[in-house]
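Single-letter residue listing:
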Amino acid sequence: MIVAERKPLPEIIGFLKDARRILVAGCSECVTVCQAGGQREVEVLASLLRLHFRQAKRDVEIKTATLNRQCDPEFLEEIAQDMEDVDTIVSMGCGVGVQFLSERYRSAWVVPALDTKFGGGAVTAGQWEERCGFCGQCILHLTGGICPIIRCSKSLLNGPCGGSSGGKCEVSKETDCAWQLIYDRLKELGKLWLMMEIIPPKDWSRARDGGPRRVRREDVAL
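Treat the numbers as computed from the prediction; the structure is a model and nothing was measured. (Residues numbered from 1 in each chain as written. Predicted model: local features only at pLDDT ≥ 70, side-chain atom pairs only at ≥ 80, totals over all residues. Heavy atoms only, no water.)

## Some words on the overall build of the protein chain
No. 1: A tally of helices and strands in the protein chain yields seven helices and seven strands.
No. 2: Listed by position from the N terminus, the elements making up the protein chain come as β-α-β-α-α-β-α-β-α-β-β-β-α-α.
No. 3: Relative to its length of 222 residues, the protein chain is extended, with a C-alpha radius of gyration of 22 Å against a globular reference of 17 Å.
No. 4: Expressed as a percentage of its 222 residues, the buried residues of the protein chain come to 35%.
No. 5: Put simply, of all contacts in the protein chain between residues at least 6 apart along the chain, 59% involve residues at least 24 apart.
No. 6: Charge-centre separation for the protein chain: the mean point of 30 positive side chains lies 3 Å from the mean point of 30 negative side chains. (Helix = DSSP H or I, 4+ residues; strand = E, 2+ residues; numbered from the N terminus. Rg over C-alpha atoms; globule rule 2.2 N^0.38 Å. Buried < 20%, exposed > 50% of the residue type's maximum accessible area, 1.4 Å probe, protein only. Contact = heavy atoms within 4.5 Å. Lys, Arg positive; Asp, Glu negative; His and termini not counted. Charge placed at Lys NZ, Arg CZ, Asp CG, Glu CD.)

Set out below in structure tokens:
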């Protein structure tokens, strides 16, 4: 899932100098799971903004809504009626949601309330950790399901660097050596022979280069 965290309140307030009618919009997907932009977080932020504007003696109307998904045009219509008198949307979705809202509601100023961090998951209650760098060319079948691009501090594709000690990375003793984890997992599975496979350099044109990436399914595309 996409993991995000709320921006500091003063930063969000700084985006709203000209706002008069605000919609704080949440998302029921990833940012709800990581407790950054769901209905509860939307109401908390709206209450903080109302308090701020009251203390600043500014007459600002604030409404709230939590969409099923901000990254899907179908669900953006859920707030169409609310948008009739809104000049600013404070999006509590990920960066994708901010952009989709901005494209759909062009008369409104759309600002992000969250910092989109990474693709990851929960490792313990209240703690999320990056697991995928969205490189567009997955090699997890060669590395026991452990991503060296993200889990290795140096993103090495072929074995450890030689600087690890006791299973910990030389960059930080708080970080496991990814290639130690890969070795241990392949050994557990009886597939250590995969350590001898040479992984070629990444084709980064499939990741961040050349404009926005697209996936098209011909069986469902209109």
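This is not the end of the story, as more comes after the structure.
## Concerning the environment of Leu23
No. 1: Tracing the backbone shows Leu23 in strand β2 (residues 21-27).
No. 2: Its relative accessible area of 0% is what places Leu23 among the buried residues.
No. 3: Residues Leu23 and Gln99, 76 residues apart in the sequence, show an inter-C-alpha distance of 16 Å.
No. 4: Leu23 has contacts with Lys63, Thr64, Ala65, Ile79, Asp82, Met83, Val86, Thr88, Ile89 and Val90, leaving out every residue within four places of it along the chain.

## Details of the nonpolar core
No. 1: Core analysis: the biggest nonpolar cluster contains 25 residues, and Leu16, Ile22, Val24, Leu45, Leu49, Ile62 and Val90 have the highest contact counts within it.
No. 2: Those elements that provide at least two residues to this core are β1 (2-6), α1 (9-14), β2, α3 (39-55) and β6 (114-124).
No. 3: Looking at this core, the element that brings in the most residues is α3, giving five residues. (Core = buried A, V, L, I, M, F, W, Y, C linked by side-chain atoms within 4.5 Å.)

## Regarding the sheet that holds strand β7 (residues 127-132)
No. 1: A sheet is described by the order of its strands in space; here three strands give the open sequence β1-β6-β7, paired in antiparallel fashion. Single-partner strands in this sheet number two, and they are β1 and β7. Here the strands of the sheet are splayed against their neighbours by 70 degrees on average, with no regard to which way each runs.
No. 2: Bridge count for β6 against β7 is five bridges, and the pairing is antiparallel. Considered in β7, the bridge of Ala122 is made with Trp128. (Pairing = 2+ DSSP bridges. Axes fitted to C-alpha atoms, helices over the stretch in contact; angles between N-to-C directions.)

## Thoughts on the sheet that holds strand β3 (residues 61-67)
By way of backbone hydrogen bonds, the strands of a sheet pair with one another, either parallel or antiparallel.
No. 1: Spatially, β3-β2-β4-β5 is the arrangement adopted by the four strands of the open sheet, whose pairing is parallel. Both outer strands of the open sheet, β3 and β5 (109-112), are each paired with one neighbouring strand and no more. Averaged over all pairs of adjacent strands, the angle between strand axes in this sheet comes to 25 degrees, irrespective of strand direction.
No. 2: For strand β4 (residues 88-91) and β5, the ladder comprises four bridges, and the chain directions are parallel. Its bridge partner lying in β5, Ser91 is registered against Pro112.
No. 3: Where α3 meets the sheet, its contacts fall on β2, β3 and β4, and the angle it forms with β3 comes to roughly 170 degrees.

## Here we look at unusual backbone geometry
No. 1: One non-glycine residue, Lys57, lies in the positive phi region at around 55 degrees.
No. 2: With respect to the secondary-structure elements, Lys57 resides in the loop between α3 and β3.
No. 3: Overall, the relative accessible area of 75% leaves Lys57 in the exposed class.
No. 4: Located in the positive-phi region is Phe134, a residue other than glycine, with phi close to 55 degrees.
No. 5: Counting through the fold element by element, Phe134 comes out in the loop between β7 and α6 (148-151).

## Describing the pairing of β6
No. 1: Both β1 and β6 contribute to a ladder of five bridges, which runs antiparallel. Bridging across to β6, Ile2 finds its partner in Gly119.
No. 2: Counted between consecutive antiparallel strands, the loop separating β6 from β7 contains two residues, among which Gly126 sits at a positive phi close to 80 degrees.

## Things to note about the pairing of β2
No. 1: Counting buried positions over the seven residues of β2 gives six, a clear majority of the element.
No. 2: Note that β2 and β3 share seven bridges and pair parallel. Along β3, the bridge assignment pairs Leu23 with Lys63.
No. 3: Note: β2 against β4, four bridges, orientation parallel. Bridge pairing in β4 links Ala25 to Ser91.

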